[in-house]
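Residue-level structure breakdown
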Amino acid sequence: MPTNHALEFPGGYTRSVGPVIGRFLSELRDGKLVGVRAESGRVVFPPLEYDPANGHSVTDEFVEVGPGGVVESFAWVAEPLASHPLDRPFAWALIRPDGADTAILHALDVGELARGAEAPKRLRIGMRVRPDFLPATERIGDIADIRAFRPDVTMITAPSRLEYDIKPGRALDRFLEGVSEGRILGHRCPVCAKVIVPMKGLCPKDGVPTTEEVEVSHTGTVTTFAVNNLPDPRAPEVPFVSAYVLLDGSDIAMVALVSGIPADQVRMGMRVRAVWKPREEWGRTITNIRWFEPIDEPDVPFESIAEYM
Amino acid sequence: MKDIAIVAFTQSRHSAEENGLSETEMLLPLITGVKEQVGVSRFDFTCSGSNDYLLGAPFSFVSALDAVGAWPPISESHVEMDGAWALYEAWVKMQYADIETALVYGFGKPSQGSLREILARGYDPYYLAPLGIDAVSMAALQARAYLARSGAKEGDLTAIAARSRAAGRDNPFALSLDDPAADAPYDVAPLRVHDVAPEADGAAVVVLATGDKVAEISARTGLTPAWIRGIDHRADPHSPGVRDLSVSPSARLAGQKAGAAGVEVAELHVQYSHEELILREALDLGDDVVVNPSGGPLAANPMMAAGLIRIGEAAARIHRGENRRTLGHATSGPCLQQNLVAVLEA
Ligand SMILES: [Zn+2]
């Protein structure tokens, strides 16, 4: 039967730190990083009593380094141990502060991540970092006065919201009126006779005003499409498909979402029908049409949609 | 220089689980067996390697001496390191003292505590230990530095683990471990779980002899003596941040001083897959050199014995007449800080 046995020296061991390490720890408590200059001119950081390159004593000259520095190697801890300084994923890193010739080993905190997370891509050798000191009143002159290092700021997120009152213009206003009643309207061009949906009040091909209103079908043909892997608030999930849908009776394809079919089965020439939201959710907006879904009709041959690409 | 040979080697069947034996009980059958094998019951010198922190008891090696039989008083010493360094001490002692036989052993039972925390007790108490860093994290820093410098890929590390585990399955003393899984998780990235040597309880015993004793013992055992043609150990600075972790200057120097060139087989104390690549480079081992045919520590890592076992395995190949010139290597400290190389010949 195993017996529990603990080995502990109550209060821990008392150690003299000497003038070199003592200086480092004292400066650290003041929020500064200092290295010590070796005879060769190298700055040993964190300071040692001797130059590890040749064993000679170091000089009395202490040099402030960093606080910024560069990652020379790192190890990613996805599942921190109880003994580790952070309880979320972090890296151990060898960090050489600017002005130092050797590196310190410390924890590198790259932000809030769930346990088990993989290392973020931006974590790599050469990454710039700086120390995150504990508040001055909590520092005691211990290597852990640096809570961890953190990446330099290389990006910010700028606010991006502005509000507008948009006038759709007379033609589009009329189109939205139709949509709010469950109708899809277009204009026929008096010159080329093509039906333009949504109408703009002019024919972009001939440059003439258009006024003849035509209601077009809710069914159409996918002329071309794209598979999107970035989430979009309008789409139920990724990947989703955005497509050009040529409504029956119109001559300009409309951009719309396609759903109700796996993204990898959408094809050019596929027949689709508009799926409308429940009537009580309708407004003066094209989003009354939630998306298009396939209908059970044979695909349209490529030649008949070729000019609408 | 006196010619000194390894004339006997034995090891326990290493176990990944606590098997109920005390350290002394683990050693007793090995030492009794080796005494019988070589026909010597009193050795001129005894030296052991172990670590008190594995048991959490000061001078724990003293009680292990009961397995040797230390009365009437014997000439004895101990190193708080892998048994390979005990072998070095015995070799030095034999060089200058008038002794002909030495018993060397190493042992450890990491199953009784948290090895990662125990090994951290060896780290510098000002800059490293207070951080709570563990041995695997230290090794992973070195692995990253090596991969970045050499261009080697993580798959190269997995290949080493796979080869070591396959060899270990053929070694009755090693653990029986499956091939690395294709989706094996990281321990501390870039090291995956199979890149970290599995902790094991175990012990190993080596007998050194010189002078007339070599022929006398060899005649009894029927084994070819493995002559120590060179042995050397070196250390790099302790702080990982003051050296280039992607190389091992101390292993290179120890290899040169011990005369590593031209060996047929190398048993390397590889506790993490990437260490084999760093050591191969440092010891200048070509593709024709067979590395760790025993499986090495990646197939069983009995603490404080694994380094001595590397020398023992290298010697055993000569004992059995399988090779003429072999190399045994042991390491200690974080990130291959200290390295010992022994070159053996038939
Ligand atoms: Zn027109």
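Reading the values: the criteria
Residues numbered from 1 in each chain as written. Chains lettered and ligands numbered in written order. Predicted model: local features only at pLDDT ≥ 70, side-chain atom pairs only at ≥ 80, totals over all residues. Heavy atoms only, no water. Helix = DSSP H or I, 4+ residues; strand = E, 2+ residues; numbered from the N terminus. Contact = heavy atoms within 4.5 Å. Buried < 20%, exposed > 50% of the residue type's maximum accessible area, 1.4 Å probe, protein only. Polar contact = N/O pair within 3.5 Å; in protein donor to acceptor, adjacent residues only side chain to side chain. UniProt positions renumbered as here; feature names shortened; annotations may be inferred. Salt bridge = Lys/Arg side-chain N within 4 Å of Asp/Glu carboxyl O. Buried area = accessible area lost by both parts, 1.4 Å probe. Nonpolar A, V, L, I, M, F, W, Y, C, P; charged D, E, K, R; others polar.

1. Thoughts on unusual backbone geometry
All names here are of chain B. A cis geometry characterises the amide bond from W71 onward to P72, with omega recorded as -5°. Tracing the backbone shows P72 in the loop between α3 (60-64) and β3 (76-79). Residue A189 is joined to P190 through a cis peptide bond whose omega torsion reads 10°. The backbone of M304 sits at a positive phi, close to 70°, despite the residue not being glycine.

2. Thoughts on the environment of A243(A)
All names here are of chain A. One can find A243 in strand β13 (residues 240-247). C-alpha of A243 to C-alpha of I95: the two residues are 148 residues apart in sequence and 50 Å apart in space. The contacts of A243, once residues within four sequence positions are left out, are V222, T224, F225, M254, V255, A256 and V258.

3. Quick look at the side chain of D109(A)
Residues and elements named next belong to chain A. Mapped onto the elements of the fold, D109 is located in the loop between β6 (104-108) and β7 (128-133). Note on D109: relative accessible area 3%, which makes it buried. At 2.8 Å, the side chain of D109 forms a polar contact with the side chain of R147. In this structure D109 touches L86, R88, R147, A148, F149, R150 and P151, once residues within four positions along its chain are discounted.

4. Some words on the UniProt feature "domain: ChsH2 C-terminal OB-fold" (unreviewed entry) in chain A
Residue and element names in this part refer to chain A. When the UniProt feature table is mapped to this numbering, "domain: ChsH2 C-terminal OB-fold" (unreviewed entry) covers residues 63-133 and 213-277. As annotated, residues 63-133 has a helix share of 0% and a strand share of 44%, and its two end C-alpha atoms lie 19 Å apart. Secondary structure content for residues 213-277 is 0% helix and 51% strand, and the end C-alpha separation is 24 Å.

5. With respect to the pattern of salt bridges
All names here are of chain A. Within this structure, the stated rule accounts for 40 salt bridges over all chains. A salt bridge links R271 to D248, with the nearest nitrogen and oxygen atoms 2.7 Å apart. Remark: D248 occurs in the loop between β13 and β14 (254-258) and R271 occurs in strand β15 (residues 271-276); sequence separation between them is 23 residues. Judged by relative accessible area, which is 9%, R271 ranks as buried. We classify D248 as partly exposed; its relative accessible area is 26%. Beyond isolated ion pairs, a larger network of salt bridges with shared partners links R88, D109, E112, D132, R147 and R150.

6. Side note on the interface of chain A and chain B
Accessible area lost upon the coming together of the parts is a frequently used measure of interface size. The interface of chain A with chain B comprises 31 residues on the first partner and 28 residues on the second. Taking both sides of the interface into account, the surface hidden between chain A and chain B amounts to around 2,600 Å²; carbon and sulfur atoms contribute 70%. A per-residue breakdown of the area chain A buries against chain B is headed by W92(A), L105(A) and I143(A), which together make up 20% of the total. Summed over the shared surface of chain A and chain B, the number is zero salt bridges. Of all elements in the fold, only α1 (18-29), β4 (69-77), β5 (90-97) and β6 of chain A reach the threshold of two or more residues within the side of chain A that touches chain B. In terms of residue count, the dominant contributor to the side of chain A that touches chain B is β4(A) (five residues). Residue composition of the side of chain A that touches chain B, by class: 22 nonpolar, seven polar and two charged.

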